[in-house]
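Read off the chains here:
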Protein chains: 2
Amino acid sequence: MVKERNTKQKAVILSAVQGTKTHPTAEQVHAMIADEMPNLSLGTVYRNLNRLAEIGKIRRISVTNSPDRFDGDLTPHHHICCTQCGRFCDFFDMEYNENLDRLIEAKSKFSSVRHETVFYGKCEDCKKFEMN
Amino acid sequence: MVKERNTKQKAVILSAVQGTKTHPTAEQVHAMIADEMPNLSLGTVYRNLNRLAEIGKIRRISVTNSPDRFDGDLTPHHHICCTQCGRFCDFFDMEYNENLDRLIEAKSKFSSVRHETVFYGKCEDCKKFEMN
DNA sequence: ATCCTTAATAAGAATAATTTCTATTAAGAA
DNA sequence: TTCTTAATAGAAATTATTCTTATTAAGGAT
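Presented here is a report on the structure given in the accompanying data block. (Residues numbered from 1 in each chain as written. Chains lettered and ligands numbered in written order. Predicted model: local features only at pLDDT ≥ 70, side-chain atom pairs only at ≥ 80, totals over all residues. Heavy atoms only, no water.)

The strand order across the open sheet formed by six strands is E4(A)-E3(A)-E5(A)-E5(B)-E3(B)-E4(B), and the pairing between neighbours is mixed. Both outer strands of the open sheet, strand E4 (88–91) of chain A together with strand E4 (88–91) of chain B, are each paired with one neighbouring strand and no more. Neighbouring strand axes in the sheet, compared pairwise and without regard to direction, differ in orientation by 30 degrees on average. Where strand E5 (residues 111–122) of chain A lies against strand E5 (residues 111–122) of chain B, nine bridges are found, and the strand directions are antiparallel. Its bridge partner being in E5 of chain B, Thr 117 of chain A is matched across the sheet by Thr 117 of chain B. (Pairing = 2+ DSSP bridges. Helix = DSSP H or I, 4+ residues; strand = E, 2+ residues; numbered from the N terminus. Axes fitted to C-alpha atoms, helices over the stretch in contact; angles between N-to-C directions.)

Right, here's the structure in full:
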């Protein structure tokens, strides 16, 4: 019994996400693949990104004032987003605290807990242009 | 010179958000006020929620697979969301770590840093119904 | 108290983000 | 090679949010 098929589309989408550090949106993933697979549909990109995120092969990151972003880097790290320009970066200089997840599981009635932390602030460039 | 006007709409929207612990979406805030102010427009709800969040009178929370939610409770606390049913709860039993923001500021070139952590897991009810 | 300026509104159109629908294609088991 | 059906392309539909425009009303000035 077949459960999940290995389509070319899925493979290409996965490697596109894994091959960049730009945290692309679905739209951007679609654009990245346009040359290689010109009639890949955006719906297929969304469907596969959703599935890949569900099975944990990529991460999905929900950000205020931005479409969801996807990250092929599964090593524990954080993200920081500029509230002015939307610039979105990795932040590796701090650990992902898995203990928090265990703590939540112990204190709440939720299981399989993980967390997503997004830092928001003003980036260097935007600071320069600020007035008042 | 007038900078910001105190409209009835703004007051009602603010107190609606402050008066609930349900973390309503804009749509839900609009519905909550429907009786009191039947021709309050959804656009006005969005505009005011955005403004109130900007000036820090309420919090905006971006969640995967959900429209943005708003929280009138400014005391430091976290949120946890069920990945199956979307149930969204407060989690108070752990501090908001402001040191993280200061650490990010020190290690990155971002300023005015804050962060939003959302925990995702499977809630008690959804656990019961899980198969396989 | 009335006038005046313009910020904020209602209503709806427009846009953006994402999902759903349907006929067709192609994985991969038999 | 055949067969079943998961996955696709393409487009329509839906959801979330912002924008547009004529109108209203907040609140400072007269």
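In this structure the tally under the stated criterion is 16 salt bridges over all chains. Two residues, Lys 128 of chain A and Asp 125 of chain A, come together in a salt bridge whose shortest N-O distance is 3.7 Å. With a gap of three residues between them, Lys 128 of chain A and Asp 125 of chain A both fall in helix H5 (residues 124–128), about one helical turn apart. On the accessibility criterion, Asp 125 of chain A (33% relative accessible area) is partly exposed. Note that Arg 59 of chain B is salt-bridged to Glu 116 of chain B, the shortest N-O span being 2.9 Å. Within this pair, whereas Arg 59 of chain B is found in strand E1 (residues 59–61), its partner Glu 116 of chain B is found in strand E5, the two being separated by 57 residues in sequence. (Salt bridge = Lys/Arg side-chain N within 4 Å of Asp/Glu carboxyl O. Buried < 20%, exposed > 50% of the residue type's maximum accessible area, 1.4 Å probe, protein only.)

Among the 20 residues in the neighbourhood of DNA strand C, the closest are listed as Asn 6 and Tyr 46 of chain A together with Thr 7, Thr 44 and Arg 47 of chain B. Here, DNA strand C places atoms within 4 Å of the protein, and 73% of those atoms are sugar or phosphate. Taking Gln 9 of chain B, its side chain carries an N or O atom lying 2.9 Å from a sugar or linking oxygen of DNA strand C. Contacts to DNA strand C include Ser 41 of chain B, whose backbone N or O atom sits 3.1 Å from a phosphate oxygen. Those elements giving two or more residues to the surface near DNA strand C turn out to be helix H3 (42–54) of chain A together with helix H1 (8–18) and helix H3 (42–54) of chain B. In terms of residue count, the dominant contributor to the surface near DNA strand C is H3 of chain B (four residues). Along the lines of polarity and charge, the residues of the surface near DNA strand C split into five nonpolar, eight polar and seven charged. (Near = heavy atom within 4 Å. Polar contact = N/O pair within 3.5 Å; in protein donor to acceptor, adjacent residues only side chain to side chain. Nonpolar A, V, L, I, M, F, W, Y, C, P; charged D, E, K, R; others polar.)

Time to look at the protein's contact with DNA strand D. Around DNA strand D, the surrounding shell holds 18 residues, and the nearest of these are Arg 5, Thr 44 and Arg 47 of chain A together with Asn 6 and Tyr 46 of chain B. Here DNA strand D approaches the protein such that, of its atoms within 4 Å, sugar and phosphate make up 70%. Contact distances for DNA strand D include 2.8 Å between a phosphate oxygen and a side-chain N or O atom of Tyr 46 of chain B. At 3.3 Å from a phosphate oxygen of DNA strand D is found a main-chain nitrogen or oxygen belonging to Asp 68 of chain B. Elements with a contribution of two residues or more to the surface near DNA strand D: H3 of chain A together with H3 of chain B. Looking at the surface near DNA strand D element by element, the count peaks at four residues for H3 of chain A. In terms of residue class, the surface near DNA strand D is made up of four nonpolar, eight polar and six charged.

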